[in-house]
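Residues per chain, in single letters:
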Amino acid sequence: MKHFGIFIWKEFLHIWRDKKTLLIIILLPIIEVLLFGFVLTSEINNVSLGIRDQDNSDWSGELIRKFANSPYFEVVRLHDAGEVQSVLQSNSVKAILEIKPDAERRILAGESGIIQLLLDASDPNMARTIEVYINNISGSYLNDTVNLINLQPLMYYNPNLKSVFKSVPGLMAVVLMLICAMMTSVSLAREKETGSMDVLLVSPLKTWQIVIGKMIPYIAISYVNIIMIIALSIFVFGVPVLGSMPLLFLFSGLYVICALSFGLFISTVVQTQQIAMMISLAGLMLPTTLLSGLIYPIRNMPRWLQMLSGIFPARWFVEVLSHLMLKDSPLKYYLEPLGYILLITLILLLAATKRFKLRYD
Amino acid sequence: MRTILIIIKKEFRQIFRSRPMLMVILAMPVIQLLILSNAADYEIKQLRLAIEDFDGTATSAGLIDDFAHNDWFQLKIFDLDQQFDDELLAKNKIEAIIAIPPDFEKDLMQKRPVDIQIRLNAVDGATAEVASSYVAGVISNWAGNKKELIRSRYLYNPELNYKNFMVPGILVMLVTVIGIILTALNIVREKETGTQEQINVTPIRRHEYILGKLIPMLIIGIVEFTIGLAIALMVFHVPLLGSVLLLYLYLFFYLIVMCGIGLFISTIAASQQQAIFLAFFIMMIFLFLSGLFAPIESMPDWAKVFTRFVPLSYFVRVMRSIMLKGSGFMELQSELLMLIIMGIVIQTIAVFNYRKR
């Protein structure tokens, strides 16, 4: 046990000595969350909307004013048909609304296609969102006659529809995952590459002690990251923590261990730092980001991809975070995602320890 | 010239000697492209819905029927226990709850206003808003408002194929990731293992050494891009309406910027570990500020300013415009200019920073 303590101390010293790396590891997650928290939004603001009004009546003027007054759109007036194609192609507008002459009378007469919306669908998500917003704005104008039915949407968990409620927990999961995986995978691969691993292996330390000992300093560093990110999310982004704070820290710790095990596992299958880094960064960055639910909802993915996303712990941690931060759910609501994180951790740790033995005993 | 060729040869031999490295450079991006291109889909399909019918008349049943026959929705639960439904909402088992009030039919018959409550899981605010407007659409249709006021046409991607949007984006991101990491690590490694000093005592000159390092990276980037493009066209059937040549012209200048960034990282990092964290930082910025997944139009103004300094944002726009819109050189001049300026600036800084000691 004394050896074990010394080994952990040695690891701490190792990290402490390379101050530049330590500084990067501590600052990087904070800067990224700060930088991207407000940026990752799927709502639209100030989108340039071209309007070609051939009607030029009071009626169409009124309609256009509706769009101009909305925070979602910035109206660009277009005058001739030739402009329509070129402004879309040069990306200067995302959608164009064309109003035919004598629109009001023809609409009342039941003609269809009098107002046409041309959408740049090269980004289909954006196109659909713009379409919904435009229909909402114009609909409320053309339609406010006999509407007895009054809809009352109640937005649960995020009443002001702030996008940071989704992006900040998501970023926390993704950034922690990548940082942790990179830290451990590189640290072990370096020992292999420089040969100091052999020294470790002939020491009286047991395999599990080496594995755990490698992790403990990084768990400590990760806690610094977690505390900073949660502080940012509360004080800068206004994302509340409605659930229990101790549980939040406890489960974040579990997630960090899971991510570190990922790195550990990678380092047991590769020989050089370079490959370890390539896998932990180039191999994990896009899948973790895309399959965590941070950007695209997992529920919309094809079933096989949904299953595949289950092997990336970030997906489950995002779910746990939303329960703990936004919903204040009882523990039993999110036992399932927690269980998956635990399961992945155990499998990775077992595999990593096993591979260690295979190779060196 | 001959020296450069020899260095290039040495680089290739070094890279291809390691089989795992080859796998990482060639197979990993291909696999990711094939899998991740399926991930993008914002469209709300089969929104899981609970309806609480406190009215229980033929009228409310008619409205429920409209929801049951709509592809956007999937009727999950149908009971009156509000607490139970809220619990399902919290557990992410359903996305929305609609409550039809008592006396719904009676009030409508007597032309009195009625309130229909929709409870939505709004953790993802934008999706909740779209969902709420879909519900509104079904209800207003049901109420007899069937007139189509605005007819929409989707240009450049009439079937709203999400893969057409995703594949070019993921492709450029993969080329970027490999390009930056490979260049950065490659040179730092020589520093760390000491081979840099051996090279320094040879008569190889600085520009020869740097060119010898960069050209292999350019070639690898172009090869990767070509493989990815072939997959995009043949597996995913993404259209390529514009000119291939133009695409490669932009790719060339883009790769020069990428290699410049890699070189720059390697000049300020002391170890591979530092290099990889710096590369990670830069690539996260690329990932989120390039308009790859999060549209630039929606970003706050300060972030839009940032995106102008992200080379990937130009290349993403170029890729999508050339492939899906058939845009030509005339529409994309400023993008080329920006890429060339960035290439010159970053390469100059990197070479200046790189000292042959």
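Residues numbered from 1 in each chain as written. Chains lettered and ligands numbered in written order. Predicted model: local features only at pLDDT ≥ 70, side-chain atom pairs only at ≥ 80, totals over all residues.

1. With respect to the overall build of chain B
Defined as follows: By the criteria applied, helices consist of DSSP H or I runs no shorter than four residues and strands consist of E runs no shorter than two, each listed in order from the N terminus. All radius of gyration figures rest on C-alpha atoms, and the globule criterion is 2.2 Å times the number of residues raised to 0.38. Buried residues are those with 20 or more other C-beta atoms within 10 Å of their own C-beta, exposed residues have 12 or fewer, and partly exposed residues lie in between; C-beta atoms are placed from the backbone. For the purpose of contact definition, each residue receives a C-beta atom placed from its backbone, and two residues are in contact when these atoms lie within 7 Å.
Tallying secondary structure elements over chain B gives 14 helices and five strands in all. In terms of C-alpha radius of gyration, chain B reaches 28 Å, well past the compact-globule figure of 21 Å for 357 residues. Projecting the C-alpha coordinates of chain B onto the three principal axes gives extents of approximately 95 × 45 × 40 Å. Here chain B holds 357 residues, and the buried ones make up 45% of them. Nonlocal contacts in chain B, meaning residues at least 24 apart in sequence, comprise 78% of its contacts between residues at least 6 apart.

2. Quick notes on the overall build of chain A
Scanning chain A from N- to C-terminus turns up 15 helices and five strands. Computed over C-alpha atoms, the radius of gyration of chain A comes to 27 Å, more than 25% over the 21 Å expected from 2.2 N^0.38 for 361 residues, which places it beyond the range of a compact globule. The principal-axis extents of the C-alpha atoms in chain A amount to approximately 90 × 45 × 40 Å. Counting only residues that meet the buried cut, chain A has 46% of its 361 residues in that class. The contacts of chain A with a sequence gap of at least 6 include a subset with a gap of at least 24, amounting to 78%.

3. Here we look at the packing of helix α1 (residues 2-17) of chain B against helix α9 (residues 206-234) of chain B
Residue and element names in this part refer to chain B. Inclusion rule: To obtain an axis, a line is fitted to C-alpha atoms, over the contacting stretch when the element is a helix, and the angle between two such axes runs from 0 to 180 degrees between their N-to-C directions. In these notes the angle categories are as follows: under 35 degrees is roughly parallel, over 145 is roughly antiparallel, 65 to 115 is roughly perpendicular, and the rest is oblique. Helix crossings fall into two classes, left-handed where the near helix is turned counterclockwise from the far one by less than a right angle and right-handed where it is turned clockwise.
At a closest axis distance of 8 Å, the pairing of α1 and α9 adopts a crossing angle of 45°. With respect to their mutual orientation, α1 and α9 come out oblique. Every pair of crossing elements has a handedness; the one defined by α1 and α9 is right-handed. Residue-level contacts link Thr3, Ile4, Ile7, Ile8, Glu11 and Phe12 of α1 to Glu208, Tyr209, Leu211, Gly212, Lys213, Ile215 and Pro216 of α9.

4. So, the interface of chain A and chain B
To be explicit about the condition: All residues other than Ala, Val, Leu, Ile, Met, Phe, Trp, Tyr, Cys, Pro, Asp, Glu, Lys and Arg, Gly among them, are scored as polar; the first ten of these are nonpolar and the last four charged. By the convention used here, strands pair only if DSSP detects at least 2 bridges between them.
Contact with chain A, which involves 94 residues of that partner, is made by 93 residues of chain B. Of all the elements, helix α6 (residues 124-142) of chain A adds the most residues to the side of chain A that touches chain B, at 14 residues. Grouping the constituent residues of the side of chain A that touches chain B by class yields 54 nonpolar, 29 polar and 11 charged. In this sheet, strand β5 (residues 150-155) of chain B lies alongside strand β4 (residues 115-120) of chain A in parallel orientation, the contact comprising six bridges. Note that in β5(B) the partner of Leu119(A) across the bridge is Tyr154(B).

5. Overview of the sheet that holds strand β3 (residues 95-99) of chain A
With respect to topology, five strands assemble into an open sheet ordered β2(A)-β1(A)-β3(A)-β4(A)-β5(B), the strand pairing being mixed. In the strand order of this sheet, the two ends are held by β2 (73-77) of chain A together with β5 of chain B, each with one partner. Neighbour-to-neighbour, the strand axes of this sheet turn through a mean angle of 25°, independent of strand direction. Bridge analysis of β3(A) against β4(A) gives five bridges, and the strand direction is antiparallel. Of the residues in β4(A), the one forming a bridge with Glu98(A) is Gln116(A). The sheet strands contacting helix α3 (residues 58-69) of chain A are β1 (47-53), β2 and β3 of chain A, and the helix crosses β1(A) at an angle near 175°.

6. Some remarks on the domain arrangement of chain B
How we decide: Just so you know, the domain bounds were taken from an automatic or database domain assignment.
One can read the domain layout of chain B as domain 1 (25-39 + 160-353) and domain 2 (47-142). Using C-alpha coordinates to define each centre, domain 1 of chain B is positioned 47 Å away from domain 2 of chain B.

7. Some remarks on the nonpolar core
It is characteristic of soluble globular proteins that their nonpolar side chains tend to be buried jointly. To keep things clear, this is the line we draw: By definition, a nonpolar core groups buried Ala, Val, Leu, Ile, Met, Phe, Trp, Tyr and Cys residues that connect through C-beta atoms lying within 7 Å of each other.
By size, the foremost hydrophobic cluster in this structure holds 209 residues, and its most contacted members are Leu178(A), Met182(A), Leu281(A), Ile181(B) and Ala279(B). Excluding residues within four positions of it along the chain, Leu281(A) makes contact with Leu178(A), Met182(A), Ile181(B), Ile276(B), Ala279(B) and Phe280(B).

8. Observations regarding the pairing of β2(A)
Residues and elements named next belong to chain A. Short version of the rule: By the criterion used throughout, a crossover qualifies as right-handed when its path from the first strand across the helix to the second strand runs clockwise, the strands pointing away from the viewer.
Pairing of β1 with β2 involves five bridges; the strand directions are parallel. Bridge assignment links glycine 50 to a residue of β2, and that residue is valine 76. Crossover connection from β1 via α3 to parallel β2: handedness right-handed.

9. Some words on the confidence of the model for chain B
Residues and elements named next belong to chain B. As a reminder of what qualifies: pLDDT is defined as a per-residue confidence score from the predictor, taking values between 0 and 100.
Averaged over every residue, the pLDDT of chain B is 87; residues scoring 70 or more account for 96%. Mean pLDDT across the elements of chain B bottoms out in β5 (78) and peaks in helix α10 (residues 244-268) (94). The ipTM for the predicted assembly is 0.85, set against a pTM of 0.86.

10. Description of the packing of helix α2 (residues 19-36) of chain B against α9(B)
All names here are of chain B. Running from N to C, α2 and α9 point in directions that differ by 30°, and their axes come no closer than 10 Å. In terms of their interaxial angle, α2 and α9 are classed as roughly parallel. With respect to the hand of their crossing, α2 and α9 are arranged in right-handed fashion. Side by side, α2 and α9 meet where Ile25, Pro29, Val30, Leu33 and Leu34 of the first sit next to Ile220, Glu224, Ile227, Gly228 and Ile231 of the second. The residue makeup of the contact of α2 with α9, split by class, is eight nonpolar, one polar and one charged.

11. So, unusual backbone geometry
All names here are of chain B. Located in the positive-phi region is aspartate 103, a residue other than glycine, with phi close to 65°. On the secondary structure map, aspartate 103 appears in the loop between β3 (96-100) and α5 (104-109). Of the residues examined, aspartate 103 has 14 C-beta atoms within 10 Å and is grouped as partly exposed. Within the chain, tyrosine 156 stands out as a residue other than glycine whose phi angle is a positive 70°.

12. Points about the confidence of the model for chain A
All names here are of chain A. In this model, chain A carries a mean pLDDT of 85, and residues with pLDDT of at least 70 account for 95%. Predicted confidence in chain A is weakest over α6, with a mean pLDDT of 75, and strongest over helix α10 (residues 245-269), with 93. This stretch, residues 141-146, has a pLDDT under 50; its non-local contacts, to residues over four places away or in other chains, come to four contacts.

13. With respect to the environment of Ile178(B)
For Ile178(B), the location among the structural elements is in helix α7 (residues 162-193). For Ile178(B), a count of 22 C-beta atoms within 10 Å puts it in the buried group. Here the alpha-carbon distance between Ile178(B) and Ile25(B), two residues 153 residues apart in the chain, equals 6.8 Å. In contact with Ile178(B), other than residues within four places in its own chain, are Ala282(A), Ile25(B), Pro29(B) and Glu224(B).

14. A short note on α2(B)
One turn of the α-helix equals 3.6 residues, which is why residues spaced by three or four share an orientation. Residues and elements named next belong to chain B. What counts here: Multiply 1.5 Å by the residue count of a helix minus one, and that product is the helix's expected span. Two axes define the bend at a residue: one fitted to the seven residues ending there, one fitted to the seven starting there, and the bend is the angle between them.
The end-to-end C-alpha separation of α2 is 24 Å, in line with the 26 Å expected for 18 residues at 1.5 Å each. In the structure, α2 departs most strongly from a straight axis at alanine 27, where the bend amounts to approximately 35° and where the proline proline 29 lies between one and four residues downstream. The complete set of buried residues in α2 reads Val24, Ile25, Pro29, Gln32, Leu33 and Leu36.

15. Looking at the environment of Leu321(A)
All names here are of chain A. Position of leucine 321 among the secondary structure elements: in helix α14 (residues 313-327). Given 27 C-beta atoms within 10 Å, leucine 321 falls into the buried group. With residues near it in sequence (within four places) discarded, leucine 321 still touches Pro169, Met172 and Ala173.

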